[in-house]
Amino acid sequence: MRPLFLLPILTFSLLAAEPLEVRLQKAHRLPVDSLRQLQGELAMAEASPDAKAYHEANLAYTMASRRQAKEPKTDLALLERAIQILEPRKDAESRALLGGCLGVKIGFSPGSGM
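These numbers were taken from a predicted model, which means no experiment stands behind them.

Participant: I would appreciate a short explanation of the packing of helix H4 (residues 49–66) against helix H5 (residues 72–86) in the present structure.
Facilitator: Any two packed helices are characterised by the angle at which their axes cross and by the distance between the axes. Direction vectors running N to C along H4 and H5 enclose 150 degrees, while the axes themselves pass 9 Å from each other. In terms of orientation, H4 and H5 fall into the roughly antiparallel class. For the crossing formed where H4 meets H5, the hand is left-handed. Between H4 and H5, the contacting residues are Ala53, Tyr54, Glu56, Ala57, Ala60, Tyr61, Met63 and Ala64 on the first element and Asp75, Leu78, Leu79, Arg81, Ala82, Ile85 and Leu86 on the second. A breakdown of the residues in the contact of H4 with H5 according to their chemical character gives 12 nonpolar, no polar and three charged.

Participant: Honestly, H5 in this entry has me stumped. Any pointers?
Facilitator: Taking 1.5 Å per residue, 15 residues should reach 21 Å; H5 reaches 21 Å between its end C-alpha atoms and fits that length. For H5, the set of buried residues is Asp75, Leu78, Leu79, Ala82, Ile83, Ile85 and Leu86. Buried residues of H5, viewed axially, fall in a sector of 160 degrees; they line one side. Exposed side chains of H5 directed beyond 90 degrees from the buried face belong to Lys73 and Gln84.

Participant: Sorry, what's going on with the nonpolar core here?
Facilitator: Nonpolar side chains tend toward joint burial in soluble globular proteins. Leu24, Leu38, Ala57, Leu59, Leu86, Leu97 and Cys101 are the most contacted members of the largest nonpolar core, which has 23 residues in total. Among the secondary structure elements, those contributing two or more residues to this core are helix H2 (20–25), helix H3 (32–44), H4, H5 and helix H6 (92–108). Beyond its immediate stretch of four places on either side in the chain, Cys101 contacts Tyr61, Leu79, Ala82, Ile83 and Leu86.

Rules used throughout
- Residues numbered from 1 in each chain as written.
- Predicted model: local features only at pLDDT ≥ 70, side-chain atom pairs only at ≥ 80, totals over all residues.
- Heavy atoms only, no water.
- Axes fitted to C-alpha atoms, helices over the stretch in contact; angles between N-to-C directions.
- Helix = DSSP H or I, 4+ residues; strand = E, 2+ residues; numbered from the N terminus.
- Parallel < 35°, antiparallel > 145°, perpendicular 65-115°, else oblique.
- Left-handed = near helix turned anticlockwise from the far one by under 90°.
- Contact = heavy atoms within 4.5 Å.
- Nonpolar A, V, L, I, M, F, W, Y, C, P; charged D, E, K, R; others polar.
- Expected span 1.5 Å × (residues − 1).
- Buried < 20%, exposed > 50% of the residue type's maximum accessible area, 1.4 Å probe, protein only.
- Arc of directions from axis to C-beta.
- Core = buried A, V, L, I, M, F, W, Y, C linked by side-chain atoms within 4.5 Å.

Here it is in structure tokens:
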């Protein structure tokens, strides 16, 4: 019985040991508090500015799309920043993420989409 008691603790410690890149790829499954923590870790991480900018925009999109009704002003500011980051980029992933950000932004005020 004792090994079963240690299983949740061991699982939690293994998840915490995952590299930042792996956790960024799983961002869409994380709760908002974990996304905020991941955002702070990303700011402190040593990575190329392009990669950091893309992941920052992805986190902003994920957070804004989850909590639209709770904090609209904060989420709109996150989306605006993500859109500014993504507009100059020309790769397909960034363009797809830009479209998603614009869609969520239109969801905040549907009249702006007309």
